[in-house]
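Per-entry structural report
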Amino acid sequence: MNTSEKLIATEQRLGAHNYKPLDVVLTRGEGVYVWDTDGNRYLDCLSAYSAVNQGHCHPKILAAMVEQAGRLTLTSRAFRNDQLAYLYEELAALTGSHKILPMNSGAEAVETAIKAVRKWGYEVKGVPEGKAEIIVCADNFHGRTLSIVSFSTDPDARTGFGPYTPGFRTVPFGDAEAFEAAINGNTVAALIEPIQGEAGVIIPPAGYFTRIRELCTANNVTLILDEIQTGLGRTGKLLAEEHEGIEADVTLIGKALSGGFYPVSAVLSNSEVLGVLKPGQHGSTFGGNPLACAVARTALKVLVEEGMIENAAVMGDYFLEGLRSIRSNIVRDVRGRGLMMAIELEPEAGGARQYCHALKERGLLAKDTHDHTIRLAPPLVISRQQVDWAVSEIEKTIS
Ligand SMILES: *Cc1c(COP(=O)(O)O)cnc(C)c1O
């Protein structure tokens, strides 16, 4: 057995089997590339589900992390640290938010928003205690906690984990009429992904979010956009809401907020919603710690200063054009926005996983989602030549 076979066998023996990874054992990363333990190089077209938008091991984020780790890592929020205020200031300036609450994982940001809008519903909107409802969309992905899986419609994510948290109402994604019909006096919020990522990069019809925004405003419903995957440049804009010409009341970010170095997430809000949380009502030992803040500040800085958002827009268009030019009788649909893309295969093709395996053999890492879809989301630093190479390898694999 070589090293990777040994490591895989140990994982199989000792680890819970809650993932089914491709059998590639990675040991090093730089920019768009990662290397396995046998020295093979791969173009990473997953970017850790869009957590490494800035590219693997970005040298400036690394330097900020090392510097901060040698100075101060964790104080807890019992005391203040000299990084948090700067992160607030820089995030507020970049996104136009009035209030920010830092957490760690994406799921924690989602949970935080749910807690805050429920409380806002009771204290500000006047919903009777215990009656708050949140509208969510079918085929959503917002994380793995009990409350979040309670409103998942994916049987794998949900089945067997009850009793479930009540207070959620599910409507089809992209259907503004169904959304309108689901609103009642107890509706405190809508929680929606601008583009459904895990569902297979599902882009809603034009005008959908304009209507959702109008309905939320008219009915005093807080619009929460989960931009944990779509945000921070992935779709060619800082936030995907910009494509729709709307502004959420609450925006959730995570993943690329640290460039993949550290779990950092945040709830961005207007003053009213996060304003309801008082000392002792919510928190996290690691949330807002100085190491996380220093990493996130630099991750945001390089995203903007190094033109990664513009590059995502330009390379996304170019990549999509390349994918659309592939002639193949197993491709049902090619879609995307910026560098968030998907190739949906015909059901007769026999599943996307075997194609992801074949792509891996050619040096390109991508992840299948929901059986028939190959999701493509390379780091935002990808170059034209690298896109050309990727398109040609994909063409060889699926045509
Ligand atoms: C990844 C993701 C989450 C959950 O983030 P974790 O850090 O894995 O908890 C939530 N929402 C969306 C849209 C995501 O893509």
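Report follows, based on the coordinates. (Residues numbered from 1 in each chain as written. Predicted model: local features only at pLDDT ≥ 70, side-chain atom pairs only at ≥ 80, totals over all residues. Heavy atoms only, no water.)

**Describing the sheet that holds strand S8 (residues 222–226)**
Ordered in space as S4-S10-S9-S8-S7-S5-S6, the seven strands form an open sheet in which the pairing is mixed. Each edge of the sheet is formed by a strand with only one pairing partner; in this case those strands are strand S4 (99–103) and strand S6 (168–171). Between one strand axis and the next, the sheet turns through 20 degrees on average, direction left out of account. Here strand S5 (residues 133–137) runs beside strand S7 (residues 187–192); their pairing, made up of four bridges, is parallel. Bridge pairing links Val136 to Leu191 in S7. Set on the sheet, helix H4 (residues 84–95) makes contact with S4, strand S9 (250–253) and strand S10 (265–269); between it and S4 the angle comes to about 125 degrees. (Pairing = 2+ DSSP bridges. Helix = DSSP H or I, 4+ residues; strand = E, 2+ residues; numbered from the N terminus. Axes fitted to C-alpha atoms, helices over the stretch in contact; angles between N-to-C directions. Contact = heavy atoms within 4.5 Å.)

**Notes on the packing of helix H13 (residues 308–324) against helix H15 (residues 384–398)**
Following both chains from N to C, one finds H13 and H15 inclined at 25 degrees, their axes separated by 10 Å at the closest point. Regarding the angle of H13 to H15, the classification is roughly parallel. For the crossing formed where H13 meets H15, the hand is right-handed. Contact with H13, carried on its side by Val314, Met315, Tyr318, Phe319, Gly322 and Leu323, involves Arg384, Val387, Asp388, Ala390, Val391 and Ile394 of H15 and no other residues of that element. Residue classes in the contact of H13 with H15 are distributed as nine nonpolar, one polar and two charged. (Parallel < 35°, antiparallel > 145°, perpendicular 65-115°, else oblique. Left-handed = near helix turned anticlockwise from the far one by under 90°. Nonpolar A, V, L, I, M, F, W, Y, C, P; charged D, E, K, R; others polar.)

**Here we look at the layout of surface pockets**
In this structure, the second largest pocket occupies an estimated 660 Å³ of space. At five residues, S4 tops the list of elements feeding residues into the lining of the second largest pocket. Grouping the amino acids of the lining of the second largest pocket by side-chain chemistry returns twelve nonpolar, eight polar and four charged. (1 Å grid on protein atoms, 1.4 Å probe; cavity = no way out; pocket = protein on both sides within 12 Å on 5 of 7 lines; lining within 4 Å. Points joined across faces, edges and corners; volume = space filled by probe spheres on them.)

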